[in-house]
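Observations on the three-dimensional arrangement
If you want the building blocks of each chain, they are given just below.
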Amino acid sequence: LPNSLPLAPKTSRYNFNRFSTDVDWIQDAGEEVAINRELEVIPSSRAKGLVLPERGPGVVALANILENFIQSFPNSALPTLWLVDVTRTAEAAVVAAGLQHVRVRLLSTG
């Protein structure tokens, strides 16, 4: 993410380093739904538009979460949708920073 985004404060709500799924959600709806729910709770719902207002290790950890999500559920649309949304959000941050020459590439999930 561009340096124009502020470094995350210690109390950031975007700290994906502390990501975990709710045991009750796993039992009631399954692991895939529980992961999706937790991803929506941390930053905000994708329906409202994903925004990354900061950068730092807590936000970078999202890449590892998505990688594990895709590997755990390779035939599911949910992890792929998250990957596309996060990539578009990163691209928007790059453009907003005036760094259009930098390309964010969406890696193949297959």
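Residues numbered from 1 in each chain as written. Predicted model: local features only at pLDDT ≥ 70, side-chain atom pairs only at ≥ 80, totals over all residues. Heavy atoms only, no water.

Here we take up the overall build of the protein. Check the secondary structure of the protein and you find four helices and zero strands. In the protein, the order of α-helices and β-strands from amino to carboxyl end is α-α-α-α. Split into buried and exposed, the 110 residues of the protein put 35% on the buried side. Residue pairs in contact within the protein that sit at least 24 positions apart in sequence constitute 67% of those at least 6 positions apart. (Helix = DSSP H or I, 4+ residues; strand = E, 2+ residues; numbered from the N terminus. Buried < 20%, exposed > 50% of the residue type's maximum accessible area, 1.4 Å probe, protein only. Contact = heavy atoms within 4.5 Å.)

Between the first and last C-alpha of helix H4 (residues 77-96) there are 28 Å, a value that for 20 residues agrees with the 28 Å anticipated at 1.5 Å per step. Within H4 the residues assigned to the buried category are Pro79, Trp82, Leu83, Val84, Val86, Thr87, Thr89, Ala90, Ala93 and Val94. For H4, the secondary structure elements touched by its buried residues are helix H2 (31-41) and helix H3 (57-72). Between the side-chain oxygen of the N-cap and the backbone nitrogen of Leu78 there are 3.1 Å, and the N-cap of H4 in question is Ser76. Phi turns positive one or two residues past the end of H4, at Gly98, with a value near 75°. (Expected span 1.5 Å × (residues − 1). Polar contact = N/O pair within 3.5 Å; in protein donor to acceptor, adjacent residues only side chain to side chain.)

Right, let's get into the confidence of the model for the protein. Mean pLDDT over the protein stands at 81; residues scoring 70 or higher make up 83%. Within the protein, the element-level pLDDT minimum falls on H4, averaging 86, and the maximum on helix H1 (residues 23-29), averaging 94. (pLDDT = per-residue confidence, 0-100.)

If you look at soluble globular proteins, the nonpolar side chains tend to sit buried side by side. Formed by 18 residues in total, the largest nonpolar core has its most connected members in Phe16, Leu39, Leu62, Leu66, Phe69, Trp82 and Val86. Residue assignment for this core shows that the elements contributing at least two residues are H2, H3 and H4. Counting residues per element, this core draws most heavily on H3, which supplies seven residues. (Core = buried A, V, L, I, M, F, W, Y, C linked by side-chain atoms within 4.5 Å.)

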